[in-house]
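# Notes for the structure review
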Amino acid sequence: MTAQIPELTVRVAAKTPEAIDICSFELASVDGSDLPPFTAGSHIDVQVRSGLVRQYSLVNHPSETHRYRIAVLREPASRGGSAGMHDDVHVGDILRISHAKSHFELHPDAQHSLLMAGGIGVTPLLCMAEQLTTSGGDFTLHYCTRSRGRTAFADLLASGAFAPRVRFHFDDGPAEQRLDVVKVLAKAATGTHVYVCGPKGFMEFVLDAARAAGWPEERLHAEYFAAGAQDHSTDTAFEVELATSGRVIAVSPGKTVVQALAEDGIEIPTSCEQGVCGTCLTRIVAGMPDHRDAYLTADEKRQNDCFLPCCSRARTPRLVLDI
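Each chain carries its own residue numbering, running from 1 in the direction its sequence is written. Under the rules for a predicted model, residues below a pLDDT of 70 receive no local features and side-chain atom pairs below 80 are neither given nor counted, while totals for whole chains, interfaces and linings still include all residues. As a rule here, side-chain values cover all heavy atoms of the structure and leave hydrogens and water aside.

### Considering the confidence of the model for the chain
- Scored between 0 and 100, pLDDT is the confidence that the predictor attaches to each residue. Taken residue by residue, the chain gives an average pLDDT of 91. The fraction at 70 or more is 96%.
- Here, two residues are considered to be in contact whenever any of their heavy atoms come within 4.5 Å of each other. For the stretch residues 1–5, pLDDT sits under 50, and the model shows 15 contacts to residues farther than four places along the chain or on other chains.

Okay, here's the thing in structure tokens:
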């Protein structure tokens, strides 16, 4: 199964340690021209090596089209992406990347933006903070990490225009500086929108607290980096039918739709293969999917007219796909 090949060629202009196990990478066009524009909260696909593509959020201000800046945490259980970026990518190297994509946009009518970052989840939120600082938008950034030494961009966020708006929360710090989500949400001004990114447990904790306090879904925004563990013990076999040809392909309990199709010579572009990035989004003509992704919104899942075949399955014996 081959991943979709990103379409832009860039040079690694800088590689900088930002915290324990975190490096930033500055990417510039090979010929020195501007890169395509992007919005706050955007991410790019990076081809770490042949067949291995990963998504990383853009950190820098959207006006800086002379560069894209990303930051990568070396994951202890890396599937090759973060370790490859840390160990194999160096200044001067040429990389293939995608155009910037965004499913995590600042709401234009927000009276206040409450940015909630857990660990490396600060990356898209830092870009949002950059944008809001320039535009005069009202915001507060709460940044939770294990320790000061593991806090990427700490000096940047503790200085200048950011300083009055940023609250650091360290796991190894005094109890009084730890994040009290319920209190923060209760004090939020009317019209506040929440943006949260980080480990799944952190994100669900914030979102669950907001929902319990009566926050409407339209004011809650999230960006997932990875899917949580799934229980496959009750997976059953089903079939997918290709609407254009009528071909029917069996999907066994131990395989994903993407894998079953690939074995039959039909390739769907993928990237994360965890239901996070949306690269493999496929329209459903008939049947009921079993959504297991972290990409589609609750409303989109209820419509049941598309799904992510890299992870999601079927609730009906057959799904008819628009392929």
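Still more to cover.
### Digging into the pairing of strand β8 (residues 139–145)
- Categorising residues by exposure relies on relative accessible area from a 1.4 Å probe, with only protein chains included: less than 20% of the type maximum marks a residue as buried, more than 50% marks it as exposed, and the intermediate range marks it as partly exposed. Comment: elements are numbered from the N terminus, with helices defined as DSSP H or I runs of at least four residues and strands as E runs of at least two. For β8, the tally of buried residues reaches 7 of 7 residues, placing the bulk of the element in the interior.
- Taking every second residue as pointing to the same face, both faces of β8 are buried, with F139, L141, Y143 and T145 on one and T140, H142 and C144 on the other.
- Handedness of a crossover: with both strands directed away from the viewer, a clockwise path from the first strand across the helix to the second marks it as right-handed. Regarding the hand of the β-α-β motif, the stretch spanning strand β7 (residues 112–118), helix α2 (residues 122–135) and β8 is right-handed.
- The pairing criterion is simple: DSSP has to find at least two bridges between the two strands. Inspection of the sheet shows β8 paired to strand β9 (residues 166–170) by 5 bridges, in the parallel sense. In the sheet register, C144 faces β9, and the bridge partner there is H169.

### Considering the sheet that holds strand β13 (residues 248–251)
- Ordered in space as β13-β12-β18-β14-β16, the 5 strands form an open sheet in which the pairing is mixed. Each of the sheet's edge strands pairs with one partner strand only, and the pair in question is β13 and β16 (306–307).
- In terms of strand pairing, strand β12 (residues 238–242) meets strand β18 (residues 318–321) through 4 bridges, oriented parallel. When the sheet's bridge partners are listed, V240 is paired in β18 with L319.

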